[in-house]
Amino acid sequence: MLQNIRVFLSDMDGTFYLGNRLLPGALDFAETLTKQGKNLYFLTNNSSHRATFYVQKLQRLGLRDFTEEHIITSTDACIFYLKKNYPGSRVFLLASREVSIDFLRAGFILVQENPDIVVLCFDTTLTYSRLAKACVFLRKGIPFFATHPDLNCPTESEPLIDAGSIAEAIKAATGRTPRYFGKPYPEMVEYALWRTGASKDEVAILGDRLYTDIAMGQQAGITTILLLTGETRREDLRSSPWQPDFVFASLEELTQAIRV
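Residues numbered from 1 in each chain as written. Predicted model: local features only at pLDDT ≥ 70, side-chain atom pairs only at ≥ 80, totals over all residues. Heavy atoms only, no water.

### A short note on the pattern of salt bridges
Item 1. Summed over the entire model, instances satisfying the criterion amount to ten salt bridges.
Item 2. For Arg-195, the salt bridge identified is with Glu-69, shortest N-O distance 3.7 Å. A residue pair is termed long-range when its members are at least 10 positions apart, and Arg-195 in helix H7 (residues 187–196) and Glu-69 in the loop between helix H2 (51–60) and strand E5 (71–73) qualify at 126 residues.
Item 3. Its salt-bridge partner being Glu-113, residue Lys-133 comes within 3.1 Å of it at the nearest N-O pair. One end of the pair, Lys-133, is in helix H5 (residues 128–138); the other, Glu-113, is in the loop between strand E7 (109–110) and strand E8 (117–120), and 20 residues separate them in sequence.
Item 4. By sharing partners, the salt bridges in this structure join Asp-11, Lys-183 and Asp-213 into a single network. (Salt bridge = Lys/Arg side-chain N within 4 Å of Asp/Glu carboxyl O. Helix = DSSP H or I, 4+ residues; strand = E, 2+ residues; numbered from the N terminus.)

### A short note on H2
Item 1. Listed as buried for H2 are Ala-51, Tyr-54, Val-55, Lys-57 and Leu-58. Projection of H2 onto a plane perpendicular to its axis shows the buried side chains occupying an angular sector of 165 degrees, all on one side.
Item 2. Elements in contact with the buried residues of H2: strand E2 (17–18), strand E4 (39–44) and E5.
Item 3. Just downstream of H2, Gly-62 is the residue with a positive phi angle, here 110 degrees. (Buried < 20%, exposed > 50% of the residue type's maximum accessible area, 1.4 Å probe, protein only. Arc of directions from axis to C-beta. Contact = heavy atoms within 4.5 Å.)

### Observations concerning the sheet that holds E5
Item 1. Strands sit in the order E5-E4-E1-E13-E14-E15 across an open sheet of six strands; the sheet is parallel. What marks the edges here is a single partner per strand, and that holds for E5 and strand E15 (246–248). Along the sheet, successive strands turn relative to each other by an average axial angle of 25 degrees, direction set aside.
Item 2. As paired strands, strand E14 (residues 223–227) and E15 are joined by three bridges and run parallel to one another. Among the inter-strand pairings, Leu-227 is bridged to a residue of E15, identified as Phe-248.
Item 3. Where helix H1 (residues 26–35) meets the sheet, it contacts strand E1 (7–10), E4 and strand E13 (203–207), and its direction lies at approximately 135 degrees from that of E4.
Item 4. Against the sheet, helix H3 (residues 74–85) makes contact with E4 and E5, and its axis sits at roughly 65 degrees relative to E5, the strand it touches most. (Pairing = 2+ DSSP bridges. Axes fitted to C-alpha atoms, helices over the stretch in contact; angles between N-to-C directions.)

### A closer look at the side chain of Ser-96
Item 1. When you line up the elements, Ser-96 lands in the loop between strand E6 (90–94) and helix H4 (97–105).
Item 2. Apart from the residues within four sequence positions on either side, Ser-96 is in contact with Ser-48, Asp-123 and Thr-125.

### A closer look at the state of the cysteines
Item 1. A full pass over the atoms with the stated rule returns zero disulfides.
Item 2. Here Cys-135 stays free of any disulfide, with the sulfur of Cys-121 as its closest cysteine sulfur at 16 Å.
Item 3. Owing to a relative accessible area of 7%, Cys-135 belongs among the buried residues under this scheme. (Disulfide = S-S within 2.5 Å.)

### Things to note about the nonpolar core
Item 1. Counting residues in each nonpolar core, the largest one holds 34 residues, and the members touching the most others are Leu-9, Leu-82, Phe-103 and Val-119.
Item 2. Among the elements that take part in this core, H3 stands out by supplying six residues, more than any other.
Item 3. Look past the residues within four positions of Leu-82 in its chain and what remains in contact with it is Pro-87, Phe-103, Phe-108, Ile-117, Val-119 and Phe-145.
Item 4. Counting 31 residues, the second-largest nonpolar core is a separate cluster that includes Met-12, Ile-71, Leu-227 and Leu-254. (Core = buried A, V, L, I, M, F, W, Y, C linked by side-chain atoms within 4.5 Å.)

Right under this line is the structure:
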């Protein structure tokens with residue numbers, strides 16, 4: 001199965017790097033895929049930044065051949081759906097100014113009053129007044145969307161409140177739950193398939209978490225590869241409903257397997 005894969009969708013933190021250092025074998029893995037004419041894309045649920053932010057980080061870590069084209073965020077998956085189903089809509093957007101640019105470029109109208117839809121990203125600039133205004137709109141029954149469900153965003157110092165926690169606060173106030181698009185929801189893979197032009201049997205998801213990376217891949221019907229370089233330990237597999245197609249201890253071990 002690995003020999004048929006031409007597109008690898010990789011998680012980032014815990015799979016390809018930890019904090020500000022590449023995991024052993026990361027550069028060799030990327031170079032091996034390039035030599036074989038295969039493609040590597042990076043997935044992230046973090047919707048507090050645009051793709052440019054992640055490109056700059058990868059380049060600082062030594063992956064200098066990667067561009068914005070190689071980054072797929074939960075914002076991308078959300079916008080992809082909204083462009084098809086709510087094109088040109090008036091959007092009340094809870095997002096950083098940086099991420100707002102992507103919605104404007106996609107043809108949405110960002111408004112403070114009378115929106116058609118409410119969209120929640122990982123808004124690190126969120127204020128009480130904007131949160132309260134979103135709740136006013138949602139109580140009127142306006143469609144509600146969120147980029148991803150993560151409750152916390154891990155950092156090198158301590159976890160930060162993420163979009164999922166903000167959504168839970170809104171739910172407590174309004175009874176409304178958003179439609180999500182990031183991992184573990186298969187919509188992120190559907191967007192990746194459209195963007196890469198690959199079929200499901202040509203794509204694999206690579207990650208370190210069973211309940212996000214592996215769950216999403218299995219729900220989307222693509223090959224799943226678990227790396228034991230981050231959160232998951234081998235013993236965790238015994239009790240998980242999400243069983244990957246392949247398990248590797250490291251990127252180095254995976255690279256050897258795709259060279260066969």
